[in-house]
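Spelled out from the first residue to the last, the chains are:
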Amino acid sequence: MNAIFTLVTLNLLNKPSRWHERRQLIVDGLRALNPDVIALQEVSLPHNNAQWLADVLGGYRVYTSPKTGVLAEHEAVATLSRLPVKAWRTLDLMHQRRVAQFVRLQVADQEVALVNGHFMFHVYDHVKRSLQVQRVINYVRLQAGALPIIACGDFNATPEMRTIQIMKQVFASAHELKHGREPEYTCPTPLVYSLDKLRKSASRVGNFFLTQTTEPWRDVLDYIFVAGRIRVHECEVVLDQPAPNDATLYPSDHVGLFAQLEIGVA
């Protein structure tokens, strides 16, 4: 028997600036979407805003995987699930203290493996990030066996980069399956926050070295990938609108992605 469930992935932006304003936009957006599973990156520790979101939304259990080493007390990825979790583990990605989270979910009478990751940041197509995704692929193949697999999160890599091309050798992009292309962009939104002038200046400098232009950069960094017996019914950009009374306030500097997935399709 096939089983349908819904998933949202979102990078929360681990900066205290405007969090108390942004968080209500996130709550309202997630309430409207009502997903079964929420995969979050840049969760702020030690207060754990993933747990705060779960408490406000109600009905979710939180599984938190902190970064390694000195960053373990400051940032994490987390999965919020209303579905039974059979097992979960943290995978050390070895570079920049990054981690991915492996979760086995029970969806009706089906099981599915979920990977929620936040991969190495570098403006270029860095080989270490490619090694991180290959490490995830190898780990999931070992742990998931014949289970259908979903891999989502902030890959910090644009679609043409080697990181994403390696993923697409094993997985299919849910958004690409539904729309024939990736979104126009997933980062950054027009969110304005403290020290924004400094941030924009640094962005322009980095963008000039990368593209030889000072035009504001934006591109796709966030994905939902699927492999195995999964059919994608929906995959849409979400959490991408400003506050009704403030055009500078967005839920995060990343948009979210929402997918409705059917498990068990031959």
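Criteria and cut-off values
- Residues numbered from 1 in each chain as written.
- Predicted model: local features only at pLDDT ≥ 70, side-chain atom pairs only at ≥ 80, totals over all residues.
- Heavy atoms only, no water.
- Helix = DSSP H or I, 4+ residues; strand = E, 2+ residues; numbered from the N terminus.
- Pairing = 2+ DSSP bridges.
- Axes fitted to C-alpha atoms, helices over the stretch in contact; angles between N-to-C directions.
- Expected span 1.5 Å × (residues − 1).
- Buried < 20%, exposed > 50% of the residue type's maximum accessible area, 1.4 Å probe, protein only.
- Contact = heavy atoms within 4.5 Å.
- Parallel < 35°, antiparallel > 145°, perpendicular 65-115°, else oblique.
- Left-handed = near helix turned anticlockwise from the far one by under 90°.

Caption draft 1: Inspection of unusual backbone geometry at higher detail. Across the junction of leucine 45 and proline 46, the peptide omega takes the value 10°, indicating a cis bond. The omega torsion across cysteine 187 and proline 188 is -5°, close enough to zero to call that bond cis. Residue position: proline 188 is located in the loop between α5 (174-179) and α6 (196-211). In this structure, asparagine 48 takes a positive phi of about 60° despite not being glycine. Secondary-structure assignment places asparagine 48 in the loop between β2 (37-44) and α2 (49-57). Backbone geometry places leucine 239, a non-glycine residue, at a positive phi of 50°.

Caption draft 2: Just the sheet that holds strand β9 (residues 172-173), in detail. One open sheet holds the six strands; their spatial order is β5-β6-β7-β8-β10-β9, and the pairing between them is mixed. With one partner strand each, in any of the chains shown, β5 (85-92) and β9 form the two edges of the open sheet.

Caption draft 3: Fine view of the sheet that holds strand β11 (residues 230-238). Spatial ordering of the open sheet is given by β3-β4-β2-β1-β12-β11, a layout of six strands whose pairing is mixed. For this open sheet the edge positions go to β3 (61-66) and β11, each flanked by a neighbour on one side alone. For this sheet, the mean inter-axis angle between neighbouring strands, taken without regard to orientation, is 20°. Alignment of β3 against strand β4 (residues 75-81), held across six bridges, turns out to be antiparallel.

Caption draft 4: Expanded view of helix α1 (residues 19-33). Helix length check: α1 (15 residues) gives 21 Å between terminal C-alpha atoms against 21 Å at 1.5 Å per residue, within 8%. Among the residues making up α1, those that are buried are Trp19, Arg22, Leu25, Ile26, Val27, Gly29 and Leu30. Structurally, α1 contributes buried residues whose contacts are with β1 (3-11), β2 and α2. Asparagine 34 sits one or two positions beyond α1 and adopts a positive phi of about 55°.

Caption draft 5: Main features of the packing of α1 against α2. The interhelical angle for the contact between α1 and α2, taken along N-to-C directions, is 50°, at an axis separation of 11 Å. If you check the angle between α1 and α2, you find them oblique. Of the two possible hands of crossing, α1 and α2 adopt the one that is right-handed. Counting all contacts with α1, which are made through Trp19, Arg23, Ile26, Val27, Leu30 and Arg31, the residues of α2 involved are Asn49, Trp52, Leu53, Val56 and Leu57.

Caption draft 6: Here's a closer look at the pairing of strand β6 (residues 99-107). With eight of its nine residues buried, β6 lies for the most part within the structure. Note that β5 and β6 share seven bridges and pair antiparallel. Across the sheet, the residue bridging to threonine 90 is glutamine 101, located in β6. Here β5 folds back onto β6, and the loop between the two strands holds six residues, one of which, methionine 94, carries a positive phi near 80°. Bridge analysis of β6 against strand β7 (residues 110-118) gives eight bridges, and the strand direction is antiparallel. Following the sheet pairing, alanine 100 is matched in β7 by glycine 117. Linking β6 back to β7 in an antiparallel pair, the connection comprises two residues, with alanine 108 at a positive phi of about 55°.

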